[in-house]
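Listed below, chain by chain, are the residues.
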Amino acid sequence: MIPPLPRIIAVANQKGGVGKTTTSVNLGACLADLGYRTLVVDLDPQGNASTGLGINIRGLQASMYDVILSDVPIEDCVEASSVRNLFVAPASLDLAGAEIELVPAFSRELRLKQALHEVRDDYDYVLIDCPPSLGLLTINGMAAATEVLVPIQCEYYALEGLGQLLRNVGLVQKNLNPTLEVSTIVLVMYDARTKLAEEVANEVRSHFGEKVCRIVIPRTVRLSEAPSFGQPIIAFDPTSRGAIAYRELAKEVSGGPA
């Protein structure tokens, strides 16, 4: 069952380096390519989703920091990417301090939800790239979202930290956002040559069933090179295995072209 649009999806996993940003950027680009108006919200102070879509985060007039801490309207910080239909609400390095600055703030967990409410009807998909920790930024992402997408790398410690993530989703659900659910699990960095990758994939599928996407994202050099050129994989190398996999993933997540 594909949920109705607009869909606001928090891309989250507490482990770092699991392909969260790669998935936010490339799934976003492929959804846009299918004809959906898509916004990638970069909540990670490192700003990798922003730079991966060609945005220079050092020269911004406004960023997600201003949206979350100074109530600047989110449309004032949205930038167009080089992909048609794909827009970015960029992060800036200031976001690193936002965790601390938010602590005394009024309705601090709901800042992003309020900001997105204003532009809800402008986009079909909003993908929120959450930082790899469970601070107030990630909580803002989950409180604003309708669903959570979890990328899981097909490696030895893949399931470590997942229980914690699910508990945290449960807490956000109970206290801030009763309709939130983990809707989608994506197996990433899949290396078909190793038995381990297959074992992890089978374990995740047996545990989460239907929530796990059929398409797995391969571990490829081209996918890891694309961000340094400020391009999603479908622009950087449209015929590569990574581009084909993310295109298929976008179809699977959305149910096909807009």
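First, a word on what this report is: a plain description of the structure on this page. (Residues numbered from 1 in each chain as written. Predicted model: local features only at pLDDT ≥ 70, side-chain atom pairs only at ≥ 80, totals over all residues. Heavy atoms only, no water.)

As for the overall build of the protein
Secondary structure summary: the protein contains eleven helices and seven strands in total. At 17 Å, the protein has a C-alpha radius of gyration in line with the 18 Å of a compact globule built from 258 residues. Seen through its principal axes, the protein has C-alpha atoms that stretch 50 × 40 × 30 Å. The buried share of the protein, reckoned over its 258 residues, is 54%. (Helix = DSSP H or I, 4+ residues; strand = E, 2+ residues; numbered from the N terminus. Rg over C-alpha atoms; globule rule 2.2 N^0.38 Å. Buried < 20%, exposed > 50% of the residue type's maximum accessible area, 1.4 Å probe, protein only.)

Concerning helix 7 (residues 162–175)
Taking 1.5 Å of rise per residue, 14 residues should cover 20 Å, and helix 7 covers 20 Å from first to last C-alpha, within 8% of that figure. Leu162, Leu165, Asn168, Val169 and Val172 are the residues of helix 7 that are buried. Buried residues of helix 7, viewed axially, fall in a sector of 120°; they line one side. Facing away from the buried side of helix 7, by more than 90 degrees, are the exposed residues Arg167, Lys174 and Asn175. Against helix 6 (136–144), strand 6 (147–153), strand 7 (181–188) and helix 8 (195–208) lie the buried residues of helix 7. (Expected span 1.5 Å × (residues − 1). Arc of directions from axis to C-beta. Contact = heavy atoms within 4.5 Å.)

Describing the nonpolar core
Judged by nonpolar contacts, the single largest core of 53 residues is most densely connected at Val41, Met64, Ile74, Leu116 and Ile128. When near neighbours in sequence (up to four residues on either side) are disregarded, isoleucine 128 contacts Ile8, Ile9, Ala10, Val11, Val41, Leu43, Leu112, Leu116, Gly141 and Ala144. Listed in part, the 38 residues of the second largest apolar core include Ile55, Leu127, Ile217 and Leu249. (Core = buried A, V, L, I, M, F, W, Y, C linked by side-chain atoms within 4.5 Å.)

Focus: helix 11 (residues 241–254)
Between the first and last C-alpha of helix 11 there are 20 Å, a value that for 14 residues agrees with the 20 Å anticipated at 1.5 Å per step. Restricting attention to buried positions, one finds in helix 11 the residues Gly242, Ala243, Ala245, Tyr246, Leu249, Ala250, Val253 and Ser254. Mapping the buried residues of helix 11 onto a view down its axis gives an arc of 160°, with all of them on the same face. Along its buried surface, helix 11 packs onto strand 1 (7–11), helix 1 (20–33), strand 5 (125–129), strand 7, helix 9 (221–225) and helix 10 (233–236). The positive-phi residue at the C-terminal boundary of helix 11 is glycine 255, with phi of around 85°.

Notes on the packing of helix 1 against helix 11
It is at 8 Å that the axes of helix 1 and helix 11 come closest, and there the two elements cross at 70°. When the axis of helix 1 is compared with that of helix 11, the two are roughly perpendicular. Residues Thr22, Thr23, Asn26, Leu27, Cys30, Leu31 and Asp33 of helix 1 form the contact with helix 11, whose participating residues are Tyr246, Arg247, Leu249, Ala250 and Ser254. Split by residue class, the contact of helix 1 with helix 11 holds six nonpolar, four polar and two charged. (Axes fitted to C-alpha atoms, helices over the stretch in contact; angles between N-to-C directions. Parallel < 35°, antiparallel > 145°, perpendicular 65-115°, else oblique. Nonpolar A, V, L, I, M, F, W, Y, C, P; charged D, E, K, R; others polar.)

Some words on the sheet that holds strand 5
The strand order 3-4-2-5-1-6-7 describes an open sheet built from seven strands, whose pairing is mixed. Unpaired on one side and paired on the other, strand 3 (79–80) and strand 7 mark the two borders of the sheet. The pairing of strand 2 (residues 38–42) with strand 4 (residues 86–89) spans four bridges and is parallel. Its bridge partner lying in strand 4, threonine 38 is registered against leucine 86. (Pairing = 2+ DSSP bridges.)

Here we look at the pairing of strand 7
Here strand 7 lies mainly inside the structure; seven of its eight residues are buried. Note that strand 6 and strand 7 share seven bridges and pair parallel. Bridging across to strand 7, proline 151 finds its partner in valine 186. Crossover strand 6 to strand 7 through helix 7 is right-handed. (Right-handed = clockwise from strand over helix to strand, strands pointing away.)

Concerning unusual backbone geometry
Working note: non-glycine residues mostly have negative phi, and peptide bonds are mostly trans. The peptide bond linking leucine 5 to proline 6 adopts the cis configuration, its omega dihedral lying at -5°. The topology assignment puts proline 6 in the segment before strand 1. Look at asparagine 85: it is not a glycine, yet its phi comes out positive at around 75°. Its place among the elements puts asparagine 85 in the loop between strand 3 and strand 4. Its identity is not glycine, yet methionine 189 carries a phi of approximately 55°, on the positive side. Of note, methionine 189 is situated in the loop between strand 7 and helix 8.

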